[in-house]
Amino acid sequence: MTNEQWTLVELLLPPPRTGPKGGRREKHSRRRIVDAIFYVVRTGCAWRQLPKDFPPWQTVYWYFVRWHDEGTVTRVHDALRAQVRRVEGRSEEPSAGLIDSQSVRTADTVPAATRGFDAGKKVKGRKRFLVTDTLGLLLAVHVMTASIQDRDGAKRPLLWARLDHPSVRKVWADQGFAGRLVDWTAQVLGRELEIVRKEPGQRGFPVQPKRWAIERTFSWLTAHRRLALDYEHHPAPAETMIRWAMISVMVRRLARGCPATRPGPRPLRRIAVE
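1. Concerning the packing of aromatic side chains
Consideration 1: This structure, assessed with the given rule, holds eight aromatic pairs.
Consideration 2: Ring centres of Trp47 and Phe64 lie 5.2 Å apart, and the angle between their planes is 55 degrees; this geometry places the pair in the tilted category. With a gap of 17 residues between them, Trp47 in the loop between helix 2 (30-43) and helix 3 (57-69) and Phe64 in helix 3 connect regions that are remote in the sequence. The residues Trp47 and Phe64 share a single accessibility class, namely buried.
Consideration 3: Their ring planes at 20 degrees and their centres at 6.3 Å tell us that Tyr61 and Phe64 sit as a pair that is stacked. Linking Tyr61 with Phe64, this pair stays in helix 3, spanning three residues, or about one helical turn.
Consideration 4: Taken together, the ring pairs in this structure connect Phe38, Trp62, Tyr63, Trp67 and Trp244 into an aromatic cluster.

This is how it looks when you write it as structure tokens:
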């Protein structure tokens, strides 16, 4: 991380231990700890394969688990999301959201009890359910076996989004979430779930209104090689990996001051041939 990026993260972490009454004094720099976690998420390497210029992998993994158990990752993520929304001229709490799922293959080390087969997408692994705001920023995430239907697996992330973000009154989804889930959302959660349907005779993959933002979020996530597959032994650490990836995206965006733009094509240079 750059100095600007680290300043954004440092202020949101819990205070370090400083004396015998608070436990052993921390030996390694927290900036290097966070850099090591970002390195694992971005490159997809195993914990044991962290380069030697980072702290020992046991220490990095201990912080990863500790911050997961204490809820630190969620608090840091939510605080950064509020900052991004303020920079974009939005209120900190959204009024509308998007939901979608992504089926990904799992590594051979993932227990069979936590993975399944998605017959629709022909993927054996796990399914990620995301609820985002209209900017594509994460509101809720839930990871489960890929054999779960979209309309069944969406209930828990929709419930979490309802409890954590009561200002969200409407959620858009694709046709895979149609049916009884729409009635359940209205009756149980008191929210509107609108299905964005394809145009008659549509072929290929055109951009759909409203829903394109969450498709971009999946692209942000899969740019991190640790998330190209699911390597985590349990679904809970897999959800934390997704939050760390979104923290990385938001920190770079805040330090840059604007969303990333794709550069145009470079002009061809003529090579002189002697």
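2. Considering empty space enclosed by the protein
Consideration 1: Counted by the stated rule, this structure contains three cavities of 30 Å³ or more.
Consideration 2: Taken as a whole, the largest cavity spans an internal volume of roughly 80 Å³.
Consideration 3: Looking at the largest cavity, the residues that line it are Leu158, Ala161, Arg162, His165, Val168, Val171, Thr185, Leu189 and Arg191.
Consideration 4: Mapped by element, the contributors of at least two residues to the lining of the largest cavity are helix 6 (155-164) and helix 7 (180-189).
Consideration 5: Sort the elements by how many residues they give to the lining of the largest cavity and helix 6 lands first, with three residues.
Consideration 6: Each residue belonging to the lining of the largest cavity can be placed in one class, and the counts come to five nonpolar, two polar and two charged.

What counts, and where the lines are drawn
Residues numbered from 1 in each chain as written. Predicted model: local features only at pLDDT ≥ 70, side-chain atom pairs only at ≥ 80, totals over all residues. Heavy atoms only, no water. Phe/Tyr/Trp six-rings, centres within 6.5 Å; stacked < 30°, edge-to-face > 60°. Helix = DSSP H or I, 4+ residues; strand = E, 2+ residues; numbered from the N terminus. Buried < 20%, exposed > 50% of the residue type's maximum accessible area, 1.4 Å probe, protein only. 1 Å grid on protein atoms, 1.4 Å probe; cavity = no way out; pocket = protein on both sides within 12 Å on 5 of 7 lines; lining within 4 Å. Points joined across faces, edges and corners; volume = space filled by probe spheres on them. Nonpolar A, V, L, I, M, F, W, Y, C, P; charged D, E, K, R; others polar.

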